[in-house]
Amino acid sequence: MQVWIVEYIYDDNGAARISTATIRAEDYDAARQFAANTAPATDFVMSLRPQSDEQFLGRTVIQVHEMTGKMVSDLPDPDIDHDDKDDGAN
């Protein structure tokens, strides 16, 4: 049994919505079938991947916001430590 991460993107009365869930399934096909049958809307797009320590959940959310014109590129990159800012003072 493997854990799979599914991210749904769907329309909710004109608003782009994102939902993330975990699924336990034997293989990709079983996980995909379950994910499709339990989708939060009739029309949706989904991303399905095996769970990994290297995943960055939320990447799909950021991409959707960028595609819909919301500026999230100005948010700090979570992979960079922003506590060590060099402000020019010694």
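Let me sum up the structure you'll find in this document.

Cut-off values and rules
Residues numbered from 1 in each chain as written. Predicted model: local features only at pLDDT ≥ 70, side-chain atom pairs only at ≥ 80, totals over all residues. Heavy atoms only, no water. Salt bridge = Lys/Arg side-chain N within 4 Å of Asp/Glu carboxyl O. Buried < 20%, exposed > 50% of the residue type's maximum accessible area, 1.4 Å probe, protein only. Phe/Tyr/Trp six-rings, centres within 6.5 Å; stacked < 30°, edge-to-face > 60°. Helix = DSSP H or I, 4+ residues; strand = E, 2+ residues; numbered from the N terminus.

### Here we look at the pattern of salt bridges
For step 1, the next point in the chain: All chains considered together, the criterion is met by one salt bridge.
For step 2, the next point in the chain: With a shortest N-O distance of 3.2 Å, arginine 17 and aspartate 12 are connected by a salt bridge.
For step 3, the next point in the chain: You can call aspartate 12 partly exposed: its relative accessible area is 34%.

### Remarks on the packing of aromatic side chains
The description of two aromatic rings rests on the distance between their centres and on the angle between their planes.
For step 1, the next point in the chain: The final tally for this structure, using the stated rule, is two aromatic pairs.
For step 2, the next point in the chain: Residues tryptophan 4 and tyrosine 28 carry aromatic rings whose centres are separated by 5.9 Å and whose planes lie at 65 degrees to one another, so their mutual orientation is edge-to-face. Of this pair, tryptophan 4 sits in strand S1 (residues 2-12) while tyrosine 28 sits in helix H1 (residues 28-37), and the two are 24 residues apart along the sequence.
For step 3, the next point in the chain: Exposure remark for tyrosine 28: the relative accessible area of 40% places this residue in the partly exposed category.
For step 4, the next point in the chain: For the ring pair tyrosine 8 and phenylalanine 44, a centre distance of 5.9 Å and an interplane angle of 75 degrees mean the geometry is edge-to-face. Taken as a pair, tyrosine 8 in strand S1 and phenylalanine 44 in strand S3 (residues 44-50) lie far apart in primary sequence, 36 residues in all.
For step 5, the next point in the chain: Take tyrosine 8: its relative accessible area is 3%, and that puts it in the buried class.

The values reported here are purely geometric and, on their own, carry no functional implication.
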